[in-house]
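Here is what each chain is made of, one letter per residue.
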Amino acid sequence: MLKKISFLLLVAALLLVGCGGLDTSESDESNSSDDEDQVETTDEVASNLKINYAIGNNQRTLTYNQSNPLELPDGTVVSSGELKPTWQHIQSEMGFSIEDVAVQDQTGEEMMEIASSTGFEDATIYGGAKGDLYNEFGSKGYFIDLGKRLDKLPNFSKYLEENPSIADSITAFDGSIYYIPYVAEIDNYARVLHGREDWVVALLDSADTLEQEDASLDVVYEGYWDRNDENVVALQNEAASGGALTQQAALDTLLNYIEETYPDLDTPSSLYLGSEAQYDIDELVALWRVMKLSPNTLSKVSTGEVVDGAIISPYFVRNSKNRWDILRMVNYFGGQRIFGSDTQTNRYYLDADGNFNYSFIEDQAIEGFDYLNQLYSEGLVHSEFADLNNTDNFRTTFYASDEYEGQKQFGFMTYDWIASTTATNEDVIAMLPPLTTLGDSDEMIHFIENTRTIKPEGWAISKQSSEEEINAALQVFDFFFSEEGNVVQNYGTPDMVADEEIFTGPDGVVYPKFGDWIIETANEFKDGDVSSFLRDFVGSQMALGYQKEIGFEYQYTVNQGFESWSVYQVADVTQPSYNTDNPILRLTPTVFSLTEQEQAQLDTTAVGENEDDQIFLYITGSENGPETAEGIKEAYMEAGIDTYIDIYKKAYGRMTGE
Amino acid sequence: MGGVKTVKTNSQVMKQTSDEGTWSKHWHAVKKDWRLYVLLLPMVLWFALWSYKPMGGLLIAFKNYDAAKGVLGSDFVGFSNFITLMFGTYATQFWTAFRNTFIISLYGIIFGFPIPILLALLMSEVRHKAYSKVMQTFSYLPHFLSEVTITGLVITLVYNGEVSTGVIAEALISLGWISENANIIQEASYFRPIYILTGIWKEAGYSSIVYFAAIMSISPTLYEALKMDGGNKLQEIRYVTFPGMAPTLIIMIILRIGKILSIGYERIILLYNANTYSSADVLSTFVYRIGLERGNQALGASADLFNAIIAFALVIGANYISRQISETSLW
């Protein structure tokens, strides 16, 4: 009997499966983009707008999720569960209510996955995901084509006219615009190289500060450039006894070299510091070696006394998640591009002839990884930079912890944002990047690959919404490109901005000025981190469709921050741009729009983290990684990189009309 | 054939009568114990909704899955996902994960399976009740700690970084078992021992409950009889305890074999890194990466379906072997 009952249950369950509504969405035919033209238009606006803005962090949604209530400048109090002040302000400006329907901890990708299976019906605006998803689902008919609604987006429309490169970047393969991106401060410097100024001066400009040093290092790297009569790395290698270099030998060699090669310098440190710096990667490596060998001297410079067992990391990254920043040094071995845009996943760049390439498999990049492996083995790169089990903030440890009892780790150079990095230590300042050639030119230039770009994140409007809801959403979208909306999103609500006061940036441009309330409250709740305060408490500066303004960042720049900006601006360091005739300097898009067939083809390739890991395994000399740098390329080839490149090449060609 | 009269044979009539009789018997049984069946109903529904209904989702293994089109609406691609997985660009990763799943599970059975039994035997021999209860409770506790806490603790204990060295790493260095620069959490050869030992520490106590219960259910008269025959403690274990536990042991081993390809991904994901993928990446972590991180659910589902089929075959096989050699089996 039991057998029969079990059988019946199984049959019932299978029937349930068969009838169980697996097909959770209607056919996409009903959503075809042609329908949009047939919609009866109206100027009516809905009384309530549902926004699903998911960013994987409940602190950064539209809802105020802090345990402490926030008292605003006008005395009103915002409590947990309410809309953040910026969104309450927008609500009152728009004249309709805004409802945050996001699952507060959900990521943008999770949100899109779930919303797509229910036909994007639970909200009018979807935000927080990356543009490729909006393009993918937009082309399937789930998001409205903003390009056809530009009459209702006058400010955004004007913005696109003024910035045609942005219009090109966000246009999907079918010619539609499905989302508005978060646009950073285009053509401004982003992350740059920083170093401890006092260390360079202490080592190179005066013998008085030097302490007795016993360390030695085994030289491996042999130098890259031959632009001067002699190569300083080769000279240091010659000075190494049996391959082991001492501090005295390394320092003497470097100082003699500087004196002979650059006789006109005021001080040896001027080779590295200020806007007149003119060092190349070999000269930087020579300096790193001296630093690695001077733990006693440098720990005394930073703490006032020699720290027993101090460890110097000449180059480090902010944390292991940013391990990619080590690869940026490859730029300086002959100008090989690594990241095509400001995102770690974008490795597409154009060479001097305008050919579309994937940087990680280029011969010069592979050679660069070899050099990095050599620098790592000499101990010039922080030993734990790629250890994902270590979640420490190395920037805090290496720059901001000098005064702590028992502090033994000190770092010299990193690649990071000016305002936040110079804030960590008053001796840290931006340093010009090493000189390198770039593309076909033999001219040695200062080149920094990181720049501010169109970000991949943005927001879009569901086509399932009523025309009134769409109108309300368009109104909000456009508001952020109006003068008032731009201030609200960049600096906070009007009562948070100083009355009749302006801020003049180091670039000479005037910006709205933060009121005292912002600074004081950011100090109280976020240790002075205005950026996080605005995002987590106020609801401004969020990664949704708006143009970010650099004036915000200038205003929380401290210590040597302004001098750092100046170093780069005076030297006019070359950086990639959307608007350049030189292909090798042209930014590639952060978002590519793929057709359904291309997406399916892409799914047959395995290019991903596994292949990227091979690079770091090789650099760190792991026995689990490839034995030679060529092995990195082989791993990508095995994963189908050729197909992968072809797909993106086609997509790029479509986007640029080439 | 209108003029032909259909005549039922005797056997047909008897079968029909017998069928009617069986159904009637079933109905009477249900009617008689309807309260029990009502109690069973939620469990049946639970299985139907959460174990059988989701099986329909396996279809995506044969589809070019698109969430917006749904499972049925997505394009059918046959075995294409399986081919990509096993012979295409993912082949190396997939077979490495497959191999690791087997090896780690096998290690788990060899080293992890006997420990709870041993623990139960030891506990059952402790005569001081209060002491025994305290010890048992302590041995259960790690089971209730989250994997994040456990792995965080393990990493701290074995980490050997630039300035911080965990207690276990320090001890191993002092004993000369590892070199001063060895960071064992970053070395593939240490991953499996770390994983297995962590698992034993976390689950041995809790898993011993079932064996302890089996031991407790053995009739004391059997022990007394053996004692009267002059049997010692080891003979008690060999001739009374083990035979008494045998059905439980066999069922547990069959269940364990069924899960040989179902290693949970949480602890591995929290412990592994690029350096240890070669010995740590298992099918569940592979599926997690492909299906969730890369968003290729169809490929993830194919890997999982393949996994499930092998696991199913293993359970059937283990059950068959068990039935042949011990007369104890799941069905």
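Residues numbered from 1 in each chain as written. Chains lettered and ligands numbered in written order. Predicted model: local features only at pLDDT ≥ 70, side-chain atom pairs only at ≥ 80, totals over all residues. Heavy atoms only, no water.

- Chain B carries the name Putative aldouronate transport system permease protein in an unreviewed UniProt entry, which gives Halolactibacillus halophilus as its organism.
- Turning to chain B, the UniProt annotation filed under Sequence similarities (unreviewed entry) states: "Belongs to the binding-protein-dependent transport system permease family."
- Word for word, the UniProt comment on chain B under Subcellular location (unreviewed entry) is "Cell membrane". (UniProt positions renumbered as here; feature names shortened; annotations may be inferred.)

- As annotated in an unreviewed UniProt entry, chain A carries the name Aldouronate transport system substrate-binding protein and comes from Halolactibacillus halophilus.

## Digging into the overall build of chain B
Part 1 of the argument: Each helix and strand counted, chain B has 16 helices and two strands in total.
Part 2 of the argument: Radius of gyration (C-alpha) of chain B: 27 Å, far over the 20 Å computed for a compact globule of 331 residues.
Part 3 of the argument: With the principal axes as the frame, chain B shows a C-alpha extent of 100 × 70 × 35 Å.
Part 4 of the argument: Going through the 331 residues of chain B one by one, you find that 41% of them count as buried.
Part 5 of the argument: Residue pairs in contact within chain B that sit at least 24 positions apart in sequence constitute 64% of those at least 6 positions apart.
Part 6 of the argument: Accessible surface, chain B: about 19000 Å² in total, of which carbon and sulfur atoms supply 68%.
Part 7 of the argument: If the 25 positive side-chain charges of chain B are averaged to one point and the 20 negative ones to another, these points end up 12 Å apart. (Helix = DSSP H or I, 4+ residues; strand = E, 2+ residues; numbered from the N terminus. Rg over C-alpha atoms; globule rule 2.2 N^0.38 Å. Buried < 20%, exposed > 50% of the residue type's maximum accessible area, 1.4 Å probe, protein only. Contact = heavy atoms within 4.5 Å. Areas by Shrake-Rupley, 256 points an atom, 1.4 Å probe, with all protein chains shown as cover. Lys, Arg positive; Asp, Glu negative; His and termini not counted. Charge placed at Lys NZ, Arg CZ, Asp CG, Glu CD.)

## Things to note about helix α25 (residues 641-656) of chain A
An α-helix turns once every 3.6 residues. As a result, residues three or four positions apart point the same way.
Residues and elements named next belong to chain A.
Part 1 of the argument: Taking 1.5 Å of rise per residue, the 16 residues of α25 would be expected to cover 22 Å, and the 22 Å separating its terminal C-alpha atoms lies within 8% of that figure.
Part 2 of the argument: Inspection of α25 places Ile641, Tyr644, Ile645, Ile647, Tyr648, Ala651, Tyr652, Gly653 and Met655 among the buried residues, and these make up the whole buried set.
Part 3 of the argument: Each element contacted by the buried residues of α25 is listed here: α7 (164-170), β11 (348-350), β12 (356-358), α22 (596-602) and α24 (630-638).
Part 4 of the argument: Positive backbone phi, approximately 70 degrees, marks glycine 657, located one or two places after α25. (Expected span 1.5 Å × (residues − 1).)

## Re the packing of helix α4 (residues 80-87) of chain B against helix α16 (residues 297-326) of chain B
Residue and element names in this part refer to chain B.
Part 1 of the argument: At a closest axis distance of 9 Å, the pairing of α4 and α16 adopts a crossing angle of 75 degrees. It follows that α4 is roughly perpendicular to α16 by the angle criterion. Together, Asn81, Phe82, Thr84, Leu85 and Met86 of α4 and Ala298, Leu299, Ser302, Ala303, Leu305 and Phe306 of α16 make up the contact between the two elements.
Part 2 of the argument: Per-class residue counts for the contact of α4 with α16 are eight nonpolar, three polar and no charged. (Axes fitted to C-alpha atoms, helices over the stretch in contact; angles between N-to-C directions. Parallel < 35°, antiparallel > 145°, perpendicular 65-115°, else oblique. Nonpolar A, V, L, I, M, F, W, Y, C, P; charged D, E, K, R; others polar.)

## Some remarks on the domain arrangement of chain B
All names here are of chain B.
Part 1 of the argument: Along its sequence, chain B is organised into domain 1 (10-64) and domain 2 (79-326).
Part 2 of the argument: Using C-alpha coordinates to define each centre, domain 1 is positioned 35 Å away from domain 2.
Part 3 of the argument: If you look at the interface, domain 1 gives five residues, while domain 2 gives eight residues.
Part 4 of the argument: Surface buried jointly by domain 1 and domain 2 totals about 540 Å² across both partners, of which 77% is contributed by carbon and sulfur atoms.
Part 5 of the argument: Of all residues in domain 1, Ile60, Ala61 and Phe62 give up the largest surface area on contact with domain 2, accounting jointly for 73% of the area buried on that side.
Part 6 of the argument: Run the count over domain 1 and domain 2 and you get zero salt bridges.
Part 7 of the argument: Here domain 1 and domain 2 share two residue pairs in polar contact (both at pLDDT 80 or more) between them.
Part 8 of the argument: A breakdown of the residues in the side of domain 1 that touches domain 2 according to their chemical character gives four nonpolar, no polar and one charged. (Domains from an automatic or database assignment. Buried area = accessible area lost by both parts, 1.4 Å probe. Salt bridge = Lys/Arg side-chain N within 4 Å of Asp/Glu carboxyl O. Polar contact = N/O pair within 3.5 Å; in protein donor to acceptor, adjacent residues only side chain to side chain.)

## Overview of empty space enclosed by the protein
Residues and elements named next belong to chain A.
Part 1 of the argument: Under the criterion given, the structure shown has one cavity of 30 Å³ or more.
Part 2 of the argument: Forming the boundary of the largest cavity are Trp225, Asp226, Arg227, Asn228, Glu230, Asn231, Val232, Tyr257, Asp280, Asp282 and Glu283.
Part 3 of the argument: A class-by-class count of the residues in the lining of the largest cavity yields three nonpolar, two polar and six charged. (1 Å grid on protein atoms, 1.4 Å probe; cavity = no way out; pocket = protein on both sides within 12 Å on 5 of 7 lines; lining within 4 Å. Points joined across faces, edges and corners; volume = space filled by probe spheres on them.)

## Things to note about the pairing of strand β13 (residues 409-417) of chain A
Residues and elements named next belong to chain A.
Part 1 of the argument: With eight of nine residues buried, β13 is to be regarded as a mostly interior element.
Part 2 of the argument: By the bridge criterion, four bridges tie strand β7 (residues 191-196) to β13 in an arrangement that is antiparallel. By the bridge assignment for β13, histidine 194 is matched with threonine 414.
Part 3 of the argument: Here strand β10 (residues 311-315) runs beside β13; their pairing, made up of four bridges, is parallel. (Pairing = 2+ DSSP bridges.)

## Things to note about the pattern of salt bridges
All names here are of chain A.
Part 1 of the argument: Summed over the entire model, instances satisfying the criterion amount to 34 salt bridges over all chains.
Part 2 of the argument: As a salt-bridge pair, arginine 227 and glutamate 283 come within 3.2 Å of each other at their nearest N and O atoms. Of the two residues, arginine 227 is situated in the loop between β8 (216-218) and α9 (232-239) and glutamate 283 in helix α11 (residues 281-292); the sequence distance between them amounts to 56 residues.
Part 3 of the argument: Residue classification places arginine 227 among the partly exposed residues on the basis of a relative accessible area of 31%.
Part 4 of the argument: The structure contains a network of salt bridges with shared partners spanning Arg191, Asp325, Arg328, Asp342 and Lys455.

## Let's talk about the UniProt feature "domain: ABC transmembrane type-1" (unreviewed entry) in chain B
Part 1 of the argument: In this structure's numbering, the residues bearing the UniProt feature "domain: ABC transmembrane type-1" (unreviewed entry) are residues 98-322 of chain B.
Part 2 of the argument: Taken as a whole, residues 98-322 of chain B contains 76% helix and 0% strand, while its terminal C-alpha atoms sit 25 Å from one another.

## Brief notes about the domain arrangement of chain A
When the parts of a complex come together, some accessible area is lost, and that lost area is often taken as the interface size.
Part 1 of the argument: Each assigned domain of chain A is listed here: domain 1 (32-183 + 455-491) and domain 2 (191-446).
Part 2 of the argument: Between the C-alpha centres of domain 1 of chain A and domain 2 of chain A the distance comes to 43 Å.

## Section: the layout of surface pockets
Part 1 of the argument: In this structure, the second largest pocket encloses a volume near 1000 Å³.
Part 2 of the argument: Looking at the second largest pocket, it is lined by 41 residues, and the ones nearest its centre are Tyr376 and Ser383 of chain A together with Asn160, Asn181 and Asn183 of chain B.
Part 3 of the argument: Listed by contribution, the elements that provide at least two residues to the lining of the second largest pocket are β10 and α23 (609-619) of chain A together with α9 (167-174) of chain B.
Part 4 of the argument: Residue composition of the lining of the second largest pocket, by class: 14 nonpolar, 17 polar and ten charged.

## Looking at the interface of chain B and chain A
Part 1 of the argument: Each partner contributes residues to the interface: chain B has 50 residues there, and chain A has 51 residues.
Part 2 of the argument: With both chains or domains summed, chain B and chain A bury close to 3800 Å², and 52% of this area falls on carbon and sulfur atoms.
Part 3 of the argument: The largest share of the area that chain B buries against chain A comes from Ala68, Thr89 and Glu162 of chain B, three residues that together contribute 17% of it.
Part 4 of the argument: Scanning the region where chain B abuts chain A turns up two salt bridges.
Part 5 of the argument: Where aspartate 66 of chain B meets lysine 140 of chain A, a salt bridge forms, and the shortest distance between an N and an O atom there is 2.3 Å.
Part 6 of the argument: Taken together, the links from chain B to chain A amount to 18 residue pairs in polar contact (both at pLDDT 80 or more).
Part 7 of the argument: Elements with a contribution of two residues or more to the side of chain B that touches chain A: α1 (10-32), α2 (34-52), α3 (70-73), α5 (91-112), α13 (265-271), α14 (277-280) and α16 of chain B.
Part 8 of the argument: Looking at side-chain class alone, the side of chain B that touches chain A contains 25 nonpolar, 19 polar and six charged residues.

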